[in-house]
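Chain and residue survey
For reference, the chains in residue letters:
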Amino acid sequence: MSHVAIADQEAHLHHPKTFIGKYIWSQDHKVIAIQYASTAIFVGLIALALSVLMRLQLGYPDQFDFINPNSYLQFVTMHGMIMVIYLLTALLLGGFGNYLIPLMVGTRDMVFPYLNMLSYWFYLLSVIVLLASFFAPGGPTGAGWTLYPPQAILEGTPGVGSGIVLMLVSLAIFIVAFTMGGLNYVTTVLQARTRGMTLMRMPLTVWGIFTATILGLFAFPALLVSAIMMLFDTLAGTSFFMPAIVSLGEPLEHEGGSPILFQHLFWFFGHPEVYIVALPAFGMISDVLSVHARKNIFGYRMMVWAIVIIGGLSFVVWAHHMYVSGMNPYFGFFFATTTLIIAVPTAIKVYNWVLTLWRGNIHLTVPMLFAIGFIFTFTHGGLSGLFLGNVVIDLPLSDTFFVVAHFHMVMGVSPIMVLFAAIYHWFPLISGKQLHTGMGKIHFWGTFLGTYAIYLPMHYLGFLGVPRRYYALGDSSFMPDSVHSMNEDITLAAIIVALFQLVFIFNVIWTVCRGSRSERNPWGAASLEWHTPDVPPGHGNWGDKLPTVYRWAYDYSVPGARKDFIPQSTPEEDVDYEPGGRKSHET
Amino acid sequence: MVIALIILGLVVVTVLFHLLSPWWLTPIASNWQSIDTTIEISFWVTGAVFIAVNLFLAWVVWRYRKHGNNKAHYEPENKSLESWLTIITTIGVVAMLTPGLIAWGRIINAPADALIVEAIGQQWQWTFRLPGKDNALGGADARFVSPENPFGIDPTDPAGRDDILVNSQRLHLPVNQSVKLLLRSNDVLHNFAVPQFRVKMDLVPGTETYQWFEPTREGEFDILCEELCGLAHFTMRGTVVVESAEKFQQWLQGYPTFAQTQVMHNADLVAGKQLYSNCAVCHGADGAGNQNFNAPNLSILSADYMARQLRYYRDGIRGAHPRDTIGQQMVSMAYTVSDKADERNLLAYIQSLPPVASPPSRNSGNAKAGGAVFEVCVACHGVEAQGKGLLSAPRLAGQADWYLYRQLKHYSMGWRGTHPEDQFGTQMRLMTRTIQNPERLDDLLAYIATLAPQGSANLSVSSTGGDRP
């Protein structure tokens, strides 16, 4: 097993000696993970504030002087882009991927620590460039997070001068950062697993992050080329995406380009992006459910294959975002079929999560509450996706509030439920302290019920035909006044949900400053990351000797065993069985 | 424990919400009942899964919550259970997909006898074109667009000569007649959506897309643009009027063919001057307007804009609000030039007057702050407020500020721009709502005043608008 030899090279560990080496220019995956996570949460809070501003306009149109049609579109655009790319992708992969992969597969660090460090600093640079557009003349772009040309680079759209350029440049830098990190994650999983850690013994968290990273490495290049091509179109006057156009009364020089080409490139990235966010979330929630239900994950092998199959299928469904784009309509048959097929492995995952709880010993801890909340929100969001994926139903619903409600349930609320579950779950490992349970529960109930209050009615406004990305709905004969009062209520719910996030922020700060030390392994988890010599793990993770893995990560409540979990690193002969106890399951 | 009850409660709330929601699909007005049917089937399938999964979840959480010394069951997998669930899910998916794909097959194939109508989108207006007797539309391209040919029709294509140009946001269609709507954009992406018809499709510059439907119910239906098309996306609205075939024919006859719009008559300035003597009483011999008579500055306006306003006055689209007494005065005046030739001569004469900028009368605004407010106006009215003929946006620079103030007020109070035929007024109504604070209004006017200082030479006016390309 040559990979173990690489991972075990204790002599080559260079422990950092200075503060800067340890915490700033750090090459330790755990420090980098925390840097990624803090930056992502910081921009996420900005995006949260933008969503409140946007909701204020929708709920109380004509009330706020500082929100005009330009700034409204800027809020919409920046909220979407930050949430999808700079928060979710960065936090799930750069944050949790970085922290958990080496600990879960039993290695000392990522295989390319220096590249890993660069990955974070490029990510930070991309965030700075993105935020700089708020201060650029004309402000950030207001083209919608999909940045569709020609509109994205023409007069009549906010941020057409520097905003769009900064956005595209920032995306390009982000992709460079992602590629450096992503190559690391994939290589580490494939090459640096410890003795006994076969692929089919890896926790589903690692499977989810690993598969998502591979998706990212294939998908992000499509976004990179489209960003570069659009930069050429706007700066050098090329016509990749620009046909002959009369823009606001002025004929332009462009001709011969195709706006639909951009949409294909964008969604060839954009759809896998949904799963780049979803698969790590799927993996992490599986582990949280299993640990807190004291029961092995149900159908592990099926769960692994479902992740892999969903990942593969996610590359052949992209044009379901384009049913009404004017592409060849015969594509509709193909993409509707592939899209609905993807529902089957996804449904299996949901069944297996519920079946994991079935006949379990469910500890209703804060992470478990978020996990149960996730099953509910994800089921809801997944099922509404079956409407939009079925090409004919997309016709009345596309570009209405239904779409907004659907994708927020499935890729906003659901991954965020997972992220909170994961933060509450792994916080004792990362900081050595446990977040306050009471505040955690308040945070959960406010977030779970509040978000459902936002999005459940929004689906129905969509059925009515209320269009999205409208600064003001104005008077339309088909919209009764109740639409406007509902919009007000949704805005109130959104503000309440935003306020509940302050409880979380306070909880984190309070715990870090005042919290008492938690137990080493407070949840009694069997997977490797909880069994390091020090908690939080030190540089190099494993002290003198790498662990050896003897079993899968889900030996909970093994019949006959005295304790209700058997760590992955415990050999069969060391398991404390009751007299006459059965041998554990082995995969 | 609580969470199990809450999940149960949320299932009940969701089902009740679904049954009691006042918001639901609009009453259908087209032949696409099959879309609604597919939605209904999907609701049965997904609703069953939603209820089953979440009730089971709630029960499991309640039943297997930690209590006493209970221990979890150890069961890594259950092949037959997993297979059954996979099979049932697949059946559900097939049940939803099959009617969807069958309906899609019909949606993408328009019948051969469908009425051909072209919808043209540009920021932020709809216009329409219908074929003439040859039942074929002439070629068109953004490169042919000019103030004289705003539809961009190929002047060399004989098929385009008899095309009927509907320069209005209102499209009339005959009931129970299938329509193939060809979609064309001259600038950015738009989307033609009528909620009651169910179907929608993007307009893509550089190519032509289509949708087809058969209106089955008479009435007026909103057209919405549902692809983000810039800052005034939300104002891009129109109306489809579905009516009997006879009424439709009658409506169609009111619009000119492409050939007719291209015939330019020579105007008679002498006759125009004579006609203008009536107007000069209030608007002044130089056309510069007079605040005492509430008469705006005409010398800076384009003939197209003035012609449209005269038509609006005559047709009860402008000046019809009972409290708009100033507008009412113009209604009777507009009737004096209801003859087409008279109107052309009059407007040609006004055009021949040298443009004069009106002096500012309201000095309370802060021009710098007004510049920020004006950012929203720039897209249509131009950076210099020079107006854009192709967008039907009048020149503002040089116009009397008291007049602009009154018009903005009229828009926001609904005295102007509420008539369904006033396509641009509807847009301005939505736009004036973006200025809530009355101080901002004065700031805006102060800024516009800086764009054309009195006596400035920067006041050239063309027949159709400000800066021509």
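Each residue is numbered by its place in its chain's sequence as written, counting from 1. Here the convention is simple: chains get letters from A, ligands get numbers from 1, in the order in which they are written. Given that the model is predicted, a residue must reach a pLDDT of at least 70 before its local features are reported, and side-chain atom pairs must reach 80 or more before they are shown or counted; all residues, however, enter totals for whole chains, interfaces and linings.

Some remarks on the overall build of chain A
Keep this limit in mind: Counting from the N terminus, the helices are DSSP H or I runs at least four residues long and the strands are E runs at least two residues long. Here the radius of gyration uses the C-alpha set of atoms, whereas the globule reference equals 2.2 Å times the residue count to the power 0.38. Exposure is read from a count of other C-beta atoms within 10 Å of each residue's own; the residue is exposed at 12 or fewer, buried at 20 or more and partly exposed in between. C-beta atoms are placed from the backbone. Contacts here follow a simple rule: the backbone-placed C-beta atoms of the two residues must lie within 7 Å.
Scanning chain A for helices and strands turns up 16 helices and 2 strands. In summary, chain A has a C-alpha radius of gyration of 24 Å against a globular reference of 25 Å for 587 residues, a match within 12%. Considering only C-alpha atoms, chain A reaches an extent of 85 × 50 × 50 Å along its principal axes. The buried share among the 587 residues of chain A stands at 64%. A separation of at least 24 residues holds for 79% of the contacts in chain A among residues at least 6 apart in sequence.

Details of the overall build of chain B
Check the secondary structure of chain B and you find 13 helices and 10 strands. Relative to the 2.2 N^0.38 estimate, which gives 23 Å for 469 residues, the radius of gyration of chain B is 29 Å and therefore markedly larger than a compact globule would have. A principal-axis box enclosing the C-alpha atoms of chain B has dimensions of 100 × 60 × 40 Å. Taken over 469 residues, chain B has a buried fraction of 46%.

Focus on the sheet that holds strand S1 (residues 115-122) of chain B
Residue and element names in this part refer to chain B. Heads up, the condition is: Strands are treated as partners if at least two bridges between them are detected by DSSP. Here an angle of 0 to 180 degrees is reported between the N-to-C directions of two axes, which are lines fitted to C-alpha atoms, with helices fitted over the stretch in contact.
On the basis of which strands lie adjacent, the open sheet formed by 5 strands has the order S3-S2-S1-S5-S8 and mixed pairing. Because the sheet does not close on itself, it has two edges, and the strands there are strand S3 (164-166) and strand S8 (209-213). Sheet twist, expressed as the average angle between the axes of neighbouring strands with direction ignored, equals 25°. Note that strand S5 (residues 179-185) and S8 share 5 bridges and pair antiparallel. Directly across from Leu 181, in S8, lies its bridge partner Gln 211.

Here we look at the packing of helix H2 (residues 33-63) of chain B against helix H3 (residues 79-107) of chain B
Describing two packed helices takes the angle between their axes plus the distance from one axis to the other. Residue and element names in this part refer to chain B. Our working definition: Any angle between 65 and 115 degrees counts as roughly perpendicular, while under 35 counts as roughly parallel, over 145 as roughly antiparallel, and the rest as oblique. For this classification, the nonpolar set comprises Ala, Val, Leu, Ile, Met, Phe, Trp, Tyr, Cys and Pro, the charged set comprises Asp, Glu, Lys and Arg, and every other residue, Gly included, is treated as polar.
Interaxial distance between H2 and H3 falls to 9 Å at its minimum, and their mutual angle equals 170°. Put simply, H2 runs roughly antiparallel to H3. For the pair H2 and H3, contact is made by Ser 34, Ile 35, Thr 37, Thr 38, Ile 41, Ser 42, Val 45 and Val 49 and by Gly 92, Ala 95, Met 96, Pro 99, Gly 100 and Ala 103, respectively. In terms of residue class, the contact of H2 with H3 is built from 8 nonpolar, 6 polar and no charged.

Concerning the sheet that holds strand S7 (residues 200-203) of chain B
Residues and elements named next belong to chain B. Read from one edge of the open sheet, 5 strands run S4-S10-S9-S6-S7, paired in mixed fashion. This sheet does not close on itself; its edge strands, each paired only once, are strand S4 (170-174) and S7. Taking each pair of neighbouring strands and ignoring which way they run, the sheet shows an average axis angle of 25°. By the bridge criterion, 4 bridges tie strand S6 (residues 190-193) to S7 in an arrangement that is antiparallel. Opposite Ala 193, over in S7, you have Lys 200 as the bridge partner.

Remarks on unusual backbone geometry
Note: most residues except glycine have negative phi, and most peptide bonds are trans. All names here are of chain A. Between Val 535 and Pro 536 the backbone carries a cis peptide bond, its omega angle lying at -5°. Within the element layout of this structure, Pro 536 appears in the segment after helix H16 (481-514). Despite not being glycine, Arg 294 has its phi angle at roughly 55°, a positive value. Tracing the chain through its elements places Arg 294 in the loop between helix H8 (259-292) and helix H9 (300-313). Since 21 C-beta atoms lie within 10 Å of it, Arg 294 is described here as buried.

Some words on the nonpolar core
Put simply, the test is: Each nonpolar core reported here comprises buried Ala, Val, Leu, Ile, Met, Phe, Trp, Tyr and Cys residues connected via C-beta atoms within 7 Å.
Core analysis: the biggest nonpolar cluster contains 319 residues, and Ile285(A), Val354(A), Ala421(A) and Ile448(B) have the highest contact counts within it. Of all the elements, helix H4 (residues 69-105) of chain A adds the most residues to this core, at 24 residues. Once residues within four sequence positions are removed from consideration, Ile285(A) is found in contact with Trp353(A), Ala371(A), Phe374(A), Val418(A) and Ala421(A). Core analysis: the next-biggest nonpolar cluster, separate from the first, contains 17 residues, Tyr276(B), Leu298(B), Ile300(B) and Leu301(B) among them.

So, the environment of Val127(A)
All names here are of chain A. Within the secondary structure layout, Val 127 lies in helix H5 (residues 113-132). The class for Val 127 is buried, based on 23 C-beta atoms found within 10 Å. Separated by 45 residues in the primary sequence, Val 127 and Ile 82 place their C-alpha atoms 9.0 Å from one another.

Considerations on the interface of chain B and chain A
On the chain A side, the residues contacting the 95 residues of chain B number 103 residues. Where the side of chain B that touches chain A is concerned, the elements lending two or more residues are helix H1 (2-20), H2, H3, S7, strand S9 (219-225) and helix H10 (367-381) of chain B.

Regarding helix H15 (residues 437-464) of chain A
The condition is simple: How far a helix is expected to stretch is found by multiplying one less than its residue total by 1.5 Å.
Here H15(A) spans 41 Å end to end across 28 residues, near enough to the 40 Å set by a 1.5 Å rise per residue. Taken from the residues just after H15(A), Gly465(A) is the one with a positive phi, measuring 110°.

Section: the pairing of S6(B)
If a strand is regular, its side chains alternate between the two faces of the sheet. Residue and element names in this part refer to chain B. Covered by surrounding structure in S6 are His 190 and Phe 192 together with Asn 191 and Ala 193, the residues of both alternating faces. Connecting the antiparallel pair S6 and S7 is a turn made up of 6 residues, with Arg 198 showing a positive phi of about 75°. Direction of pairing for S6 relative to S9: antiparallel, over a ladder of 2 bridges. Paired with Ala 193 across the strands is Leu 224, a residue of S9.

Section: the packing of helix H12 (residues 366-389) of chain A against helix H14 (residues 401-431) of chain A
Residue and element names in this part refer to chain A. Formally: Here a crossing is taken to be left-handed if its near helix is turned anticlockwise relative to the far helix by less than a right angle, and right-handed if that turn runs clockwise.
Two elements in contact, H12 and H14, have axes whose closest approach is 8 Å; the angle formed by their N-to-C orientations is 160°. When the axes of H12 and H14 are compared, the pair comes out roughly antiparallel. Judged by the twist between their axes, the crossing of H12 over H14 is left-handed. A per-class count over the contact of H12 with H14 returns 16 nonpolar, 10 polar and no charged.

Re the environment of Ala278(A)
Residues and elements named next belong to chain A. Note that Ala 278 resides in helix H8. The exposure class assigned to Ala 278 is buried, which follows from the 28 C-beta atoms found within 10 Å. Sequence separation between Ala 278 and Ile 20 is 258 residues; the distance between their C-alpha atoms is 34 Å. Aside from chain neighbours lying at most four places away, what touches Ala 278 is Met 411 and Pro 415.

A closer look at helix H11 (residues 401-413) of chain B
In this model H11(B) runs 18 Å from its N-terminal to its C-terminal C-alpha over 13 residues, within 8% of the 18 Å that 1.5 Å per residue would give. Just downstream of H11(B) lies Gly414(B), where phi reads positive at about 85°.

Side note on the confidence of the model for chain A
Applied cut-off: Scored from 0 to 100, pLDDT records how confident the predictor is in each individual residue.
Averaged over all residues, the pLDDT of chain A is 93; the fraction at 70 or higher stands at 96%. Across residues 1-5 of chain A, where pLDDT falls below 50, the model places 6 contacts with residues more than four positions away in sequence or in other chains.

Here we look at the environment of Ala379(B)
With respect to the element layout, Ala379(B) can be found in helix H10. You can call Ala379(B) buried: it has 26 C-beta atoms within 10 Å. For Ala379(B) and Ala232(B), which are 147 residues apart along the polypeptide, the C-alpha to C-alpha distance reads 8.7 Å. Apart from residues no more than four positions distant in its own chain, Ala379(B) is found in contact with Glu155(A), Gly156(A), Leu248(A), Gly230(B), Leu231(B) and Ala232(B).

As for the confidence of the model for chain B
All names here are of chain B. Taken residue by residue, chain B gives an average pLDDT of 89. The fraction at 70 or more is 96%. Residue range residues 460-469 is modelled with pLDDT below 50. Its contacts to residues more than four positions away, or to other chains, number 35 contacts. Complex prediction metrics read pTM 0.89 and ipTM 0.92.

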